[in-house]
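Coordinate analysis (summary)
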Amino acid sequence: MDTGEFRRLWDDLAAIGRADDGGYLRFSWSEADLACRDWFRAQAEDRGLRWETDRNGNRYAWWDPEPTTVPGEAPPDDRAVLTGSHFDSVPHGGAYDGPLGIVSAFLAVDRLRAEGAEPRRPIGIVAFTEEEGGRFGVPCLGSRLTTGALDPAAARGLTDPDGITLADAMRAAGADPDALGPDPERLDRLDAFVELHIEQGRGLDGEGAAVGVAGAVWPHGRWRVTVTGEADHAGTTRLADRRDPMLTFAFAVLAARKEARLAGGLATIGRVEAEPNATNAIAARVTAWLDARAPDDTVLEAILREFESKVQDRAARDGTQVSITPESETTLVEFDPALRDRIATLLGGAPVLPTGAGHDAGVLAAHVPTAMLFVRNPTGVSHAPGEAASDEDCAAGVEALAAVLRDLAC
Ligand code: HGY
Ligand code: MN
Ligand code: MN
């Protein structure tokens, strides 16, 4: 496909939610998100696609087959092939993580239409809501609610850093939080889900390939680490009398890295809140979030076990209390082997590679035959303003997605 066609549609979306550093602030139900939703609807309407928003805030555009006109001919198979991804970003995240899958989906439909293809089953494009958990803290919120993996009442009560609940944010945007919940009928109407995503790593760069296929998503999760100490004066409290949660927190950051290294996985503490967060006061409480991932569940369990044990020992020495609470946990996801191999073959033997990044595809994989396409990321950088893919590789991704939709739905 012509890279100019990709660039035009890409640039049409790019300004929404972009911050001065080139990163993105696209949080679910925020002004930027509503603008992305409007963009999505306009793209659907421009193409004459039926669009809708489901009970969980996920938005869809549908290319339906023409009704059969031949008497007695079987109606088109009504189970859809769905593609798409998410608009939302981590704070100051990159432009491609999520939106590339949505822009590529619209362009793949354009590609198929330009060649005169007709779907024999519905082709859907989806924008899942709150995939990053960047506002309400639980990743893949829209897909987890749809699959029943998340309790709707618990979801309604999730709060953002300003204390706004998901329910309030939805209401302010004109959506109904009381409608949140599982959508088995919608899932039953899906024959397959294929998500195109920028690779968050350099596997394809190493293989010299523009497009690859996902094999598996590593087990991963998020844990809230709350350290409680004793607030006091920074200038008058003897060191021996302190119960400083910052010391336990600092130890926890180093322990996470060490235990991940020893076990062969990954662990990050990239988010922290101190209370009262005053320069001249010993903190009362420090809350931090651990992100841990590993090639298999055993390694992940080892990281958590050793981390918790070491941090509790340190808290005893510091005179602080620590609680470690899981906020989301995802076990190993193996994508549908038949669909994976069919797509890799269709794409001329595209590389199959694992990922440590979570995706809505990883949530749907337990309910619908699911696959992922990756587009080469030359630097591997993601969740940062520097994330990028070349227009040539993005165009190759569109061609690959069009080939997959043609094979599965036309
Ligand atoms: O955090 C992740 O793995 C994904 O990018 N949401
Ligand atoms: Mn992401
Ligand atoms: Mn993503």
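Residues numbered from 1 in each chain as written. Chains lettered and ligands numbered in written order. Predicted model: local features only at pLDDT ≥ 70, side-chain atom pairs only at ≥ 80, totals over all residues. Heavy atoms only, no water.

Coordination of the manganese ion (ligand 3) by the protein involves His86 (NE2), Asp97 (OD) and His197 (NE2), with metal-donor separations of 2.1 to 2.2 Å. Sequence spacing of the donors to the manganese ion (ligand 3): H-x10-D-x99-H. The metal-metal distance between the manganese ion (ligand 3) and the manganese ion (ligand 2) comes to 3.5 Å, with Asp97 coordinating both. With a gap of 111 residues between them, His86 in strand 3 (residues 80-86) and His197 in strand 5 (residues 190-198) connect regions that are remote in the sequence. (Donors = N, O, S within 2.8 Å, 3.2 Å for Na, K, Ca; no water. Helix = DSSP H or I, 4+ residues; strand = E, 2+ residues; numbered from the N terminus.)

A word on the environment of Ser104. Structurally, the position occupied by Ser104 is in helix 3 (residues 99-114). Owing to a relative accessible area of 0%, Ser104 belongs among the buried residues under this scheme. Separated by 95 residues in the primary sequence, Ser104 and Leu9 place their C-alpha atoms 9.2 Å from one another. In this view, Ser104 contacts Leu196, Val398 and Leu401; residues no more than four positions away in its chain are not counted. At a separation of 2.6 Å, a polar atom in the side chain of Ser104 contacts the main-chain carbonyl oxygen of Leu100. (Buried < 20%, exposed > 50% of the residue type's maximum accessible area, 1.4 Å probe, protein only. Contact = heavy atoms within 4.5 Å. Polar contact = N/O pair within 3.5 Å; in protein donor to acceptor, adjacent residues only side chain to side chain.)

Considered domain by domain, the protein chain is made up of domain 1 (3-218 + 332-409) and domain 2 (220-330). With centres defined by C-alpha atoms, the gap from domain 1 to domain 2 works out at 34 Å. Each partner contributes residues to the interface: domain 1 has 13 residues there, and domain 2 has 11 residues. Of the roughly 1000 Å² buried where domain 1 meets domain 2, counting both sides, 48% is carbon and sulfur surface. When the buried surface of domain 1 facing domain 2 is broken down by residue, Arg144, Trp218 and Leu332 rank first, second and third, together holding 51% of it. (Domains from an automatic or database assignment. Buried area = accessible area lost by both parts, 1.4 Å probe.)

Residues in close proximity to ligand 1 include Asp97, Glu131, Glu132, Gln200, Arg293, Ala357, Gly358 and His383, which together make up its full environment. Here a nitrogen atom of ligand 1 and a side-chain polar atom of Glu131 are 3.0 Å apart. Backbone polar atom of Gly358 to an oxygen atom of ligand 1: 2.7 Å apart, as the coordinates give it. The fraction of the free accessible surface of ligand 1 (210 Å²) that becomes covered by protein chains is 94%. Considering only residue class, the shell around ligand 1 consists of 1 nonpolar, 3 polar and 4 charged. (Near = heavy atom within 4 Å. Areas by Shrake-Rupley, 256 points an atom, 1.4 Å probe, with all protein chains shown as cover. Nonpolar A, V, L, I, M, F, W, Y, C, P; charged D, E, K, R; others polar.)

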